[in-house]
Amino acid sequence: MSNEEEVADHLVIPLRSWMEIEAKTTPLMDPKSSPDIKNYYISSKESIIRKTTVAYGIVELLLRSDDIDNDDHDGTLDQDMFQIDNFAVQMPNKKSTPEQSHQPWDDIRGVSMIHPELALSIEEPAYLSCLLKPEEKQGQWGRYLEVEQIMTTAVPQEENSPERTAVAAAATGGDSDDKGRKSHPRCHYLVAKLLYELFVHEILPEDSSLAVTRAPTSTASETEERVPKRAKTSNLLSPHAKGEERNFDKAELPFQIQSIVRMQQIGIPASICLMTNNLLESALSLRGNDGQSSDDAYKSLRDVTEDLHLLLLDPDRFLFDNEVQNAEDMKLCYRKEKLYGRDKEESLITDAFCRVSRGKSEAFFIGGFSGCGKSMLVNTLRARVNAVGGYVIKHKFDDLSRERSLFGVISAVNQLCLILKGRNTPPKVALLAKKLKDEFGADIALLARILKNVKVLSPEFVSPVAEGDECGEGDTMNARSVGFTLSRFMRLVSSPKHPVMWADDTALDVIHTFLVDTMGSCMFFVGTYRDNEVNADHAVFELMKKLEISHVPTTKVSLTGLKLEDLNTMISDSLCLYPRICTSLSTAVIQKTKGNPFFVLEFIKSLKARNLLKYNFHQKRWTWDEDFICAEEITDNVLYLLASKMNGLCDNVQLLLKVMACFGTRTSESVIGYLMDSVEYFGLRDGLERAINDGFVEKSREGTVNFVHDKVREAAYDLIPESDKKQFHYNLGKVLHLVCDGKNVGDTILVIAAQINHGREFIRTDDELCLPIVKLNMSAGKMAIDSCRHKAAYSYLEVASSLLPIDHWESHYDISLRLGFMMASAANSSCKYDDAEMNLRRILKEARCTKDKLPSYFLLSRILQAQGKVVDAYSTCSSILTQLGETIPETVEPEEAVDTIRETLRKYDEVYSDDWLGKKMEDYTQRYVVRFYAQMSTSAIFFKHSHIISYFVCKAVELSLNNGVCQHTPLSLLQLANVVIRSGSNASLAHRIAKNAMALSERFHSNDQMAELSLIFRNAVGHLECFQMGARRLRVCFDSALSSGNADIGFLCAATSINFSIFSGEKELGSLLKEIDYQLHLLETYKSEVSKKYILCSRATVSLLIDKGEETSTEAKEYQGDLSDPGNTFLDTYYCHQVLRNFWLGYGERCRHFAQKAFDRIQQGMSFHGTFLLHIIKIFYALNLIDMLKKKLNPTRQKEVEEIIESMKVTVTLADSNIRNKLELLQAEMHGLGARHQRAVALYNASIASAKKSKFIHEQGLACERAGFYHKRMGYSRDALVYFQQAHACYKEWGSIVKIDAIQRELDVFVSNGND
């Protein structure tokens, strides 16, 4: 390989050459001898990070060389594979050579291996690297790096080649492929040699103690005396240590290998020295069974790469040496954001709240054991929040309550409605009600369904009685739509108010939605959780990660209790030492402290104070003795004390406590009242009074009885023997069921079902009880769905399903059919799409007739469509339509499509009348056929030819024309209007059909369909109506669709509204970019892929229009798909945006290129949206052609411009506000070419005036710019200056830095020429 090989956008440099460059730029020396110590330290650290990054890549390469499983290897190694000359470094491809310029510390892009040929890229993930702006990264060394194997150009080694097999053997040692597998010690030795040469620039001297032949070992008599566990490296001790008394202090023990000492002497960090030392220690296993190795010796290369990754993640803590030189100043490095002293926590939470009061949302997480004071800490905020006019809402969750997750958040926000009513004057409440009505419109019913208390703000805010859905779509609302609806509510009532609440599980998605809402919310979220009762993958930790990624300021505090892994991380951080080395210490500590951080803090301090934890200044690391540490004891007996006290209580109080504990931390007084009416629980009345007097429970204003503390509930629940708990719950539920039978008990039915379900195994023993309990759970599931508790609903329905007999489809067909569909609907609303699909397919298999399958087929097609599985959605519709006797062609010829459209339009003109509008489609199956055709047309847009889409649309419309209207007729008519406008046959007719369809939709009050209808209307005839109005309307539809659960339609509305904004200049580009990023964030949350490519395409356009993407670009790659696939309908949008970008950026040839591609698709009938976009493309294409004519490059193009002008004269009669300014600008340009000065000036001014009237600020600027250039060309400098100044003002208002700079250059010319 040559010294430098250019590959794509980076340079590949042999590692040895790179090391030589490093040695020149940052020579190894004693820092004191440097003339500029400060700069030397910085450059030295940068060099160390670069070398560590290279080392990380090398070890990852060795790990990845294990691609071949070969159990026959003998463990031999080709040492050449571990040589410096076998590796190369990838760096950015810059004009200057690496040795000519300063290399940044994060300049390594990858590492490659020559033999066998492998290459890795090393980079920080885009979603992490974008968290901080460049200026915010100053002074921060750490990065979270990922490696990815990349394609190589040469032919790779054959799979069973000796080289690859040897490396595989070395990396794995022939063990399992698990993360914790052991590696061959010889491999560790070779890696150590490689690291030594990489950092020291010298060959590792052969050490006799590391020879393959066994060296002399210590005798048994020499090791009889107890040796500290960290001093097991007997074979590595210096000669003078051998044979001497072994009672030495580990804190005084230096490195024992001379090569490691050499590393330390020339300034290599102790962390690298320790790593190399541990690798060499691993080689001791080659000496045979008598050989000893240190506890710290590496077991696998995976451990090495994890340590290297940690060094790069936080170099200041783990990589660089601690410069403290004396024991008195040496301190444990506790992380400030963690809990090391309770005196700081109130200050932290207060500071966070003060930041929020300035107008930006923030989150604060408090973790700890029950009883650590989390609630007390939160309550310190209450007075401060109230003082600034904010609102505090709280909701406490517990594991036994069915209210947990989403409904808990709903309950908390419900409280806010009452607070808003109580703390505001009637005029303010009325004003708030008006804002809510304006924001939600028809969706206010959805809000009222979720928040029952919203009616206190206005009597109009009530939820309508739920009606059956004839289409069987089930409940379209889901956890995300509920969260989005609540977010819209919080947006209106929170700014600048600051509610405080807690949530877990699904509710955290809603909290995330609140906090990342950049459209106006201002909220301080304080979440407390018991970190000893949640796993590392718990949703609360995922929320923290999501909030950090979303740039939401997040503070995390843990008051008590950590698991071993977290505790080990805490100790590792505190000691600045590799976690693998700290594991033994952490194990000892957690056994003695139960993971309580407060105890850990005191325990570690005591260890240090008693010199059981000491700092070794030679090795620059902490050392300890585990045997002494294991003798320490700390206990926690709070639960034991409570349990002892409760065991002495009378039976009635114990019964009350056990019953309440089964319901959670709080119990409704009405539930206790129902139980008091039974014989079994009659003693609860006396028990309640005594329990209140004894201080175990208390009554609240909300009509509940609450335990005074979580620990009390835990102790009360422990009064029930573990083996009896299920039976106790079951008996409690049975009694409640019996007492409440026939009564309207409301939500209590959920409580009854939850208690009985604890003992479902007891239910199965009673055949007569099974069916009633099935119906009870179905009723509970229905009630939970109606109140948007979808996850709880699914659990109730799941229990009901488990209690049915094996032959339930035969013995209980109706229940099975209804239950199956309810489960599918609840699963869909809970975003459990796989479960929903499984239930639907079971119905399709078991249902007795096609009619019973129709709702399931339809819901299945909607679920598939929502997940972006458009082909599967299409096939599902096609399958059921075929079963219903419809003929579904594979393809449709163009002539057939034209004839079908013509016949459908003829029949529409013939049938459409008031009589037809009054005729309802009565046939149940026919209504489904119409909907399936409409759904299939929507799916087909993404991969089918436009001719077959036209055919399906016409079939759906003809069914309505022949049999009457139904709620899906408006959708079919709008699709027909889209077909007509696309075919270019009659725009005015298409406009009329679309308007009639929207009017018809109002008869059916189809609020859930309104977003989809508006989307199709705008796509079909949006260019014939005001662009700005279309953009605003589609934003409303976006909100409405996400609130009602139609996320895929909502995001398509968002994509189209963005296009309208770009076309009309309706929003300042920076604000539009912020809106787009908000929608992209929601896209990630919703996992919706259908619209992502469209929105990303628009984002790229806006970014380029602002500043060519220099500061506003994103790492997300723009999707193009297969450019040669005629079914790739995204190309319509892609080509249009390419025309826009290249025109505004001045790339004329590219503009014409993409415009021609768009015209070709339309002419060949490949485009479904092309005609709508055609009017946008034409203007910029024509202006580009005029620029060519001005340069006299191709005079024949004038005819094309004239044809475009003639077509726009027709269109302007239908869409004056959108087209007139564009037409006048083209005419002005053409008159300017023809030297018709007065006419040209008049039309320029007319275009400017028309654009201003239509509020097309960008096109107003364009007309001014063009007029300026025309006057400049004609020699009218002063007039040109005025036009350029106007253009500059317009572009500034639009927010395009690119255009501002371009006009500024023209203005600068005037200044330089002496014009003012």
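Rules used throughout
- Within every chain, residues take consecutive numbers counted from 1 along the sequence as written.
- Reporting of local features is limited, given that this is a predicted model, to residues whose pLDDT is at least 70; pairs of side-chain atoms are given and counted only at 80 or more, and all residues count toward the totals for whole chains, interfaces and linings.
- With hydrogens and water excluded, all non-hydrogen atoms of the structure serve as input to the side-chain values.
- Going along the chain from the N terminus, every DSSP run of H or I of four or more residues is numbered as a helix, and every run of E of two or more is numbered as a strand.
- Exposed residues in this analysis have more than 50% of their type's maximum accessible area, buried residues have under 20%, and partly exposed residues fall in between, with area computed by a 1.4 Å probe over protein chains only.
- Between two residues, a contact is recorded if the distance between any of their heavy atoms is within 4.5 Å.
- Calculation of accessible area relied on Shrake-Rupley with a 1.4 Å probe; when residues are assessed, cover is drawn exclusively from the protein chains displayed.
- Being paired, for any two strands, means DSSP has found at least two bridges between them.
- The rule is short: rings of Phe, Tyr and Trp, with Trp giving its six-membered ring, pair when the centres are within 6.5 Å, and they are stacked under 30 degrees, edge-to-face over 60, tilted in between.
- Sitting over a ring, as applied to charges here, requires NZ of Lys or CZ of Arg to be within 6 Å of the ring centre and within 35 degrees of the ring normal.
- In this analysis, the expected span of each helix is defined as 1.5 Å times one less than the number of residues it contains.
- Only the contacting stretch of a helix is used when fitting its axis, a line to C-alpha atoms as for every element, and angles between N-to-C directions run 0 to 180 degrees.
- As used in this record, nonpolar core signifies buried Ala, Val, Leu, Ile, Met, Phe, Trp, Tyr and Cys residues forming a set joined through side-chain atoms within 4.5 Å.
- Known as pLDDT, the predictor's per-residue confidence is scaled from 0 to 100.
- For this analysis, a polar contact is any N or O atom pair within 3.5 Å, provided that within protein one partner can donate a hydrogen and the other can accept it, and provided that sequence-adjacent residues contribute only side-chain to side-chain pairs.
- Counted as salt bridges are all cases of a side-chain nitrogen of Lys or Arg within 4 Å of a carboxyl oxygen of Asp or Glu.
- Any angle that is under 35 degrees is reported as roughly parallel, and any over 145 degrees as roughly antiparallel; angles of 65 to 115 degrees are reported as roughly perpendicular and all others as oblique.
- Crossing handedness: left-handed means the near helix sits turned counterclockwise from the far one by under a right angle, and right-handed means the same turn made clockwise.
- Throughout this entry, Asp, Glu, Lys and Arg are counted as charged residues, while Ala, Val, Leu, Ile, Met, Phe, Trp, Tyr, Cys and Pro are counted as nonpolar. The remaining residues, Gly among them, count as polar.
- Any two cysteine sulfur atoms lying within 2.5 Å of each other are counted as a disulfide.

**Overview of the overall build of the chain**
- Broken down by element type, the chain carries 57 helices and 14 strands.
- Counting the 1316 residues in the chain, one finds 57% classified as buried.
- Taking contacts inside the chain between residues at least 6 apart in sequence as the whole, the part at least 24 apart equals 71%.
- Only carbon and sulfur atoms are counted for the fraction: they give 50% of the accessible area of the chain, which is about 56,300 Å².

**Description of the pairing of strand 9 (residues 554-558)**
- Taking burial as the measure, the five residues of strand 9 include four buried ones, the bulk of the element.
- Pairing analysis gives five bridges linking strand 7 (residues 362-367) to strand 9, with the strands arranged parallel. Bridge pairing in strand 9 places F365 opposite K556.

**Re the packing of aromatic side chains**
- Tallied over the entire structure, the rule returns 36 aromatic pairs.
- Ring-pair connections join several aromatic residues into one group, and the members of that group are Y874, Y933, F943, Y951 and F952.
- Over the aromatic face of F320 sits the side chain of K45, whose NZ or CZ is 4.8 Å from the ring centroid.

**Overview of helix 28 (residues 725-740)**
- If you check helix 28, its first and last C-alpha atoms are 22 Å apart, about what 16 residues at 1.5 Å a residue would give, namely 22 Å.
- Buried within helix 28 we find K725, F728, H729, Y730, L732, G733, V735, L736, V739 and C740.
- In the core, the buried residues of helix 28 are packed alongside helix 24 (651-663), helix 25 (669-676), helix 27 (710-717), helix 29 (748-757), helix 30 (760-763) and helix 31 (767-786).
- Once helix 28 ends, the next one or two residues include G742, with phi positive near 90°.

**Re the environment of N277**
- By secondary structure assignment, the location of N277 is in helix 7 (residues 270-282).
- Among all residues touching N277, those that are not within four sequence positions of it are F255, I257 and I260.

**Observations concerning the side chain of Q1079**
- With respect to the helices, strands and loops of the structure, Q1079 is situated in helix 47 (residues 1069-1086).
- Excluding residues within four positions of it along the chain, Q1079 makes contact with F1038, F1051, A1054 and I1058.

**What to know about the sheet that holds strand 9**
- The strand order 8-7-9 describes an open sheet built from three strands, whose pairing is parallel. Looking at which strands have only one partner, the edges of the open sheet turn out to be strand 8 (524-529) and strand 9. The sheet shows a mean angle of 15° between the axes of neighbouring strands, direction not considered.
- Direction of pairing for strand 7 relative to strand 8: parallel, over a ladder of six bridges.

**Here we look at the nonpolar core**
- Counting residues in hydrophobic clusters, the biggest one holds 249 residues, and the most contacted among them are L657 and L675.
- For this core, the leading source of residues is helix 51 (residues 1170-1190), giving 13 residues.
- Each residue touching L657, except ones within four places of it in the same chain, is listed here: M646, L649, A691, F696, V697, F707 and A716.
- Counting residues in hydrophobic clusters, the runner-up holds 87 residues, among them I48, M91, Y578 and I590.

**Observations regarding the sheet that holds strand 12 (residues 666-668)**
- Taken in spatial order, the three strands of this open sheet run 12-14-13, and their pairing is antiparallel. Two strands lie at the open edges of the sheet, namely strand 12 and strand 13 (697-699), each paired on one side alone. In this sheet, adjacent strand axes meet at a mean angle of 20° when their direction is disregarded.
- Pairing of strand 12 with strand 14 (residues 704-707), which is carried by three bridges, proceeds in the antiparallel orientation. Residue pairing across strands places T667 opposite V705, the latter belonging to strand 14.

**As for the confidence of the model for the chain**
- For the chain, per-residue confidence averages 79 on the pLDDT scale, and 78% of positions sit at 70 or higher.
- The least confident element of the chain, judged by mean pLDDT, is helix 4 (residues 162-172) at 44; the most confident is helix 54 (residues 1237-1254) at 95.
- This model gives residues 67-74 a pLDDT under 50, and the stretch forms nine contacts once residues within four places in sequence are excluded.
- Counted against residues more than four places away or in other chains, residues 400-404, with its pLDDT under 50, gives 20 contacts.

**Let's talk about the pairing of strand 10 (residues 613-616)**
- Where strand 10 lies against strand 11 (residues 621-624), four bridges are found, and the strand directions are antiparallel. Opposite N616, over in strand 11, you have R621 as the bridge partner.
- Hairpin connection between strand 10 and strand 11: a loop of four residues separates the two successive antiparallel strands, and K620 in this loop has a positive phi of roughly 55°.

**What to know about the side chain of E886**
- Within the secondary structure, E886 sits in the loop between helix 37 (870-883) and helix 38 (894-911).
- For E886, the side chain forms a polar contact with the side chain of Y933, separated by 2.7 Å.
- Each residue touching E886, except ones within four places of it in the same chain, is listed here: L881, V929, Y933 and K955.

**Quick notes on the pattern of salt bridges**
- On inspection of all chains with the given rule, the structure shows 44 salt bridges.
- Residue R992 is joined to D909 by a salt bridge in which the shortest nitrogen-to-oxygen separation is 3.6 Å. Residue R992 is found in helix 43 (residues 987-1003), and its partner D909 is found in helix 38; the two are separated by 83 residues along the sequence.
- K1222 is paired through a salt bridge with E1259; the nearest N and O atoms lie 3.1 Å apart. On the criterion of sequence distance, the pair formed by K1222 in helix 53 (residues 1216-1233) and E1259 in helix 55 (residues 1257-1274) is long-range, its members being 37 residues apart.
- Each member of the salt-bridge network shares a partner with another, and the members are R1035, E1066, K1067 and E1075.

**Overview of the packing of helix 16 (residues 479-494) against helix 47**
- The contact between helix 16 and helix 47 brings their axes to 11 Å, and the two run at 150°. Between helix 16 and helix 47, the angle falls in the class roughly antiparallel. Considering only the axes of helix 16 and helix 47, their crossing is right-handed. Here R480, S481, F484 and R491 of helix 16 lie close against helix 47, whose contacting residues are Y1078, L1082, T1085 and Y1086.
- Across the contact of helix 16 with helix 47, the residue classes break down as four nonpolar, two polar and two charged.

**Overview of the packing of helix 53 against helix 54**
- The N-to-C vectors of helix 53 and helix 54 enclose an angle of 160°; their axes lie 8 Å apart at closest approach. Between helix 53 and helix 54, the angle falls in the class roughly antiparallel. Between helix 53 and helix 54 lies a crossing whose hand is left-handed. Together, S1217, R1220, N1221, E1224, L1225, Q1227, A1228, E1229, H1231 and G1232 of helix 53 and R1239, A1240, L1243, Y1244, A1246, S1247, S1250, A1251 and S1254 of helix 54 make up the contact between the two elements.

**Looking at helix 40 (residues 924-940)**
- End to end, helix 40 covers 24 Å across 17 residues, agreeing with the expected 24 Å (1.5 Å per residue, within 8%).
- Burial analysis of helix 40 places 14 of its 17 residues in the buried class, which makes it a mostly covered element.
- Sitting at the head of helix 40, D923 places a side-chain oxygen 3.0 Å from the backbone nitrogen of T925.

**Notes on the state of the cysteines**
- Under the counting rule described, the total for this entry stands at zero disulfides.
- For the unlinked cysteine C333, the closest cysteine sulfur is that of C576, found at 3.7 Å.
- In this structure C333 comes out as partly exposed when scored by relative accessible area, which is 27%.

**Focus: the environment of Q967**
- Summarising the element assignment, Q967 is placed in the loop between helix 41 (946-963) and helix 42 (969-983).
- C-alpha of Q967 to C-alpha of F1004: the two residues are 37 residues apart in sequence and 5.9 Å apart in space.

**Observations concerning unusual backbone geometry**
- Residues H115 and P116 are joined by a peptide bond in cis, for which omega reads 0°.
- Tracing the backbone through its elements, the reader meets P116 in the loop between strand 4 (110-113) and strand 5 (118-123).
- Positive phi is not limited to glycine here, since K1255 has a value of about 65°.
- Mapped onto the elements of the fold, K1255 is located in the loop between helix 54 and helix 55.
- When its relative accessible area of 62% is taken as the criterion, K1255 is described as exposed.

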